[in-house]
Amino acid sequence: MKTIRLHPGKERSLLRRHPWVFASSIAKGAADSGETVRVESHDGQFLAWATFSPASQIRLRVWSFDASERIDASFFTEQLRAAIERRQSLGLDLSACRLVHGESDGLPGCIVDRYDDIVVLQAGSAGIERWKSVIVSALHTLMPEARMYERSDAVLREREGLPASTGWLHGGGSTQVEIGQNGLRFKVDVATGHKTGFYLDQRDARARFADVVRAQGLQRVLNCFCYTGGFSLAALAGGAQQVVSVDSSAPALALAAEHVALNGFDPARASFIDADVNATLRRLRDEGAQFDAIVLDPPKFAASPQQVERAARAYKDINRLAFHLLPPGGWLFTFSCSGGVSAELFQKIVAGAALDAGADAQIVARTGAGLDHPLSLHFPEGEYLKGLLLRKA
Ligand code: SAH
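So, a few notes on the structure that sits alongside this text.

Thresholds applied
Residues numbered from 1 in each chain as written. Predicted model: local features only at pLDDT ≥ 70, side-chain atom pairs only at ≥ 80, totals over all residues. Heavy atoms only, no water. Helix = DSSP H or I, 4+ residues; strand = E, 2+ residues; numbered from the N terminus. Buried < 20%, exposed > 50% of the residue type's maximum accessible area, 1.4 Å probe, protein only. Polar contact = N/O pair within 3.5 Å; in protein donor to acceptor, adjacent residues only side chain to side chain. Contact = heavy atoms within 4.5 Å. Near = heavy atom within 4 Å. Areas by Shrake-Rupley, 256 points an atom, 1.4 Å probe, with all protein chains shown as cover. Nonpolar A, V, L, I, M, F, W, Y, C, P; charged D, E, K, R; others polar. Pairing = 2+ DSSP bridges. Axes fitted to C-alpha atoms, helices over the stretch in contact; angles between N-to-C directions. Salt bridge = Lys/Arg side-chain N within 4 Å of Asp/Glu carboxyl O.

**Description of the side chain of Asn 223**
Consideration 1: Inspection of the secondary structure puts Asn 223 in strand E14 (residues 220-224).
Consideration 2: Looking at Asn 223, the relative accessible area reads 1%, which means it is buried.
Consideration 3: At a separation of 2.8 Å, a polar atom in the side chain of Asn 223 contacts the side chain of Ser 232.
Consideration 4: Residues in contact with Asn 223, not counting those within four places in the same chain, are Phe 231, Ser 232, Val 244, Ser 245, Val 246 and Val 295.

**Details of the site of the ligand**
Consideration 1: Every one of the 15 residues lining the ligand counts as a neighbour, but Arg 206, Asp 247, Asp 276, Val 277 and Asp 297 are closest to it.
Consideration 2: Contact between the ligand and Phe 225: a nitrogen atom at 3.0 Å from a main-chain N or O atom of the residue.
Consideration 3: In the model, a nitrogen atom of the ligand is placed 2.9 Å from a nitrogen or oxygen of the Val 277 main chain.
Consideration 4: When the ligand sits alone it has 580 Å² of accessible area, and the protein chains cover 88% of it.
Consideration 5: Among the residues forming the shell around the ligand, the class breakdown is 8 nonpolar, 3 polar and 4 charged.

**Let's talk about unusual backbone geometry**
Residues apart from glycine generally show negative phi values, whereas peptide bonds are mostly found in trans.
Consideration 1: One non-glycine residue, Asp 116, lies in positive phi territory at about 55°.
Consideration 2: As for its position among the elements, Asp 116 is in the loop between strand E8 (110-115) and strand E9 (118-123).
Consideration 3: Given the relative accessible area of 36%, Asp 116 is considered partly exposed.
Consideration 4: One non-glycine residue, Tyr 227, lies in the positive phi region at around 50°.
Consideration 5: Examined against the element boundaries, Tyr 227 turns out to sit in the loop between E14 and helix H7 (230-237).

**Some remarks on the sheet that holds E14**
Consideration 1: Pairing is mixed in the open sheet, where 7 strands are placed in the order E16-E15-E14-E17-E18-E20-E19. What marks the edges here is a single partner per strand, and that holds for strand E16 (270-274) and strand E19 (361-367). Strand after strand, the sheet turns through a mean of 15° between neighbouring axes, direction not considered.
Consideration 2: Where strand E17 (residues 293-296) and strand E18 (residues 331-336) come together, 4 bridges link them in parallel fashion. Residue pairing in the sheet places Ala 293 in a bridge with Trp 331 of E18.

**Overview of the sheet that holds E8**
Consideration 1: In space, the 5 strands of this open sheet follow the order E7-E8-E9-E10-E11, with mixed pairing throughout. For this open sheet the edge positions go to strand E7 (96-101) and strand E11 (165-170), each flanked by a neighbour on one side alone. Strand-to-strand twist in this sheet, taken as the mean axis angle between neighbours without regard to direction, amounts to 20°.
Consideration 2: Bridging between E7 and E8 involves 5 bridges; their strand directions are antiparallel. Residue pairing across strands places His 101 opposite Ile 111, the latter belonging to E8.

**Some thoughts on the pattern of salt bridges**
Consideration 1: One pass over the structure, following the stated rule, counts 29 salt bridges.
Consideration 2: A salt bridge links Arg 157 to Glu 129; the nearest nitrogen and oxygen atoms lie 2.6 Å apart. Taken together, the positions of Arg 157 in helix H5 (residues 156-159) and Glu 129 in helix H3 (residues 126-130) put the pair 28 residues apart, joining distant regions of the chain.
Consideration 3: Across the pair Asp 292 and Arg 220 runs a salt bridge whose closest N-O atoms are separated by 2.8 Å. Placement of the pair is Asp 292 in the loop between helix H9 (277-286) and E17 and Arg 220 in strand E14, with a sequence separation of 72 residues.
Consideration 4: Taking relative accessible area as the criterion, Asp 292 reaches 15% and is therefore assigned buried.
Consideration 5: We classify Arg 220 as partly exposed; its relative accessible area is 30%.
Consideration 6: By sharing partners, the salt bridges in this structure join Glu 129, Lys 132, Glu 150 and Arg 157 into a single network.

Functional significance is not addressed by these values, which are geometric in nature.
Next up, the structure:
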């Protein structure tokens with residue numbers, strides 16, 4: 001077992017159970033990609049078992065803070081079993097669910113999502129890559145009836161020095177399945193869909209939106225960055241008569257339109273715009289359009305800390321335009337999934353947008369990812385998705 005020694009003082013974050021060590025904290029030692037190492041303080045005290053990532057700035061990711069732990073196949077089986085059991089005990093529907101949420105489930109870099117009978121694995125760290133076959137066989141033991149597909153093609157693989165890797169890990173056949181969420185049906189293609197196929201993290205926010213639309217009797221809804229129509233379908237389920245969905249991806253829009261039919265809604269209530277959201281919002285503003293509710297769920301505008309400032313301007317732009325399109329009493333459900341934009345900063349940005357639009361608003365609710373995307377108390381970076389449900393004054 002190789003040992004990595006940290007610089008004096010750099011043990012602090014590990015003592016607070018934060019699972020990452022940056023390259024600059026390391027005084028001595030190296031290992032192969034994904035190899036398990038013993039991490040110790042400058043004076044030789046055991047701190048953690050971790051996995052080494054030679055290409056990444058996040059050089060170490062912790063498997064365990066327990067000196068007596070053995071990092072072997074049964075360690076991974078146990079972590080996976082426990083993650084699935086936690087979701088079961090929360091009463092979550094495991095047929096459309098994130099089963100493993102990386103660091104927050106004690107498996108840094110490991111994402112496992114389940115869609116119907118397909119379990120999708122995303123190996124986002126050198127350590128998970130190294131243990132991949134063990135993880136696949138453990139998942140197979142835990143869910144023998146499931147097929148398994150790999151979607152290790154996220155950008156963060158590059159930062160780990162790993163090539164993209166996708167395809168069947170177990171079983172085969174069609175990569176498209178149908179899932180149920182909040183009483184609605186969605187088609188998910190695990191090979192071509194975004195992330196592992198679907199934005200499972202917005203389940204609770206979509207349900208909340210349907211409730212607001214229903215309770216307030218909202219009729220005209222604009223869903224920006226609609227992808228396959230998660231919030232559009234929620235609006236239709238809530239009783240909205242006119243739902244306009246905007247996205248720049250034609251395949252996503254086609255699927256969104258299919259979902260309207262699949263769920264038995266009158267297609268006349270839904271329209272789709274294949275265009276840039278910013279340009280569309282400007283055009284709608286210039287035309288004097290008004291909506292009772294607007295959803296803004298953009299992609300991650302800031303992928304790194306260097307991009308936060310530019311991202312802040314982009315968030316402010318779309319939120320300002322949205323405020324212009326709302327009458328007094330109109331609802332805005334606005335999101336940021338940029339990890340580098342904190343909840344506090346996001347609120348400031350949206351407040352600035354309202355000011356610029358000459359609008360005032362109240363925060364009716366704050367939302368985050370659902371319970372299948374747990375948040376470790378010691379890993380604040382895990383809180384990436386922030387939502388503000390606002391009512392314009
Ligand atoms: N709200 C969706 C998830 C949104 S993901 C849901 O509930 O499932 C972000 C979406 O924004 C993607 O579908 C992507 O195609 C789209 N997108 C990214 N940049 C865009 C732009 N400039 N204009 C329009 N759509 C964009």
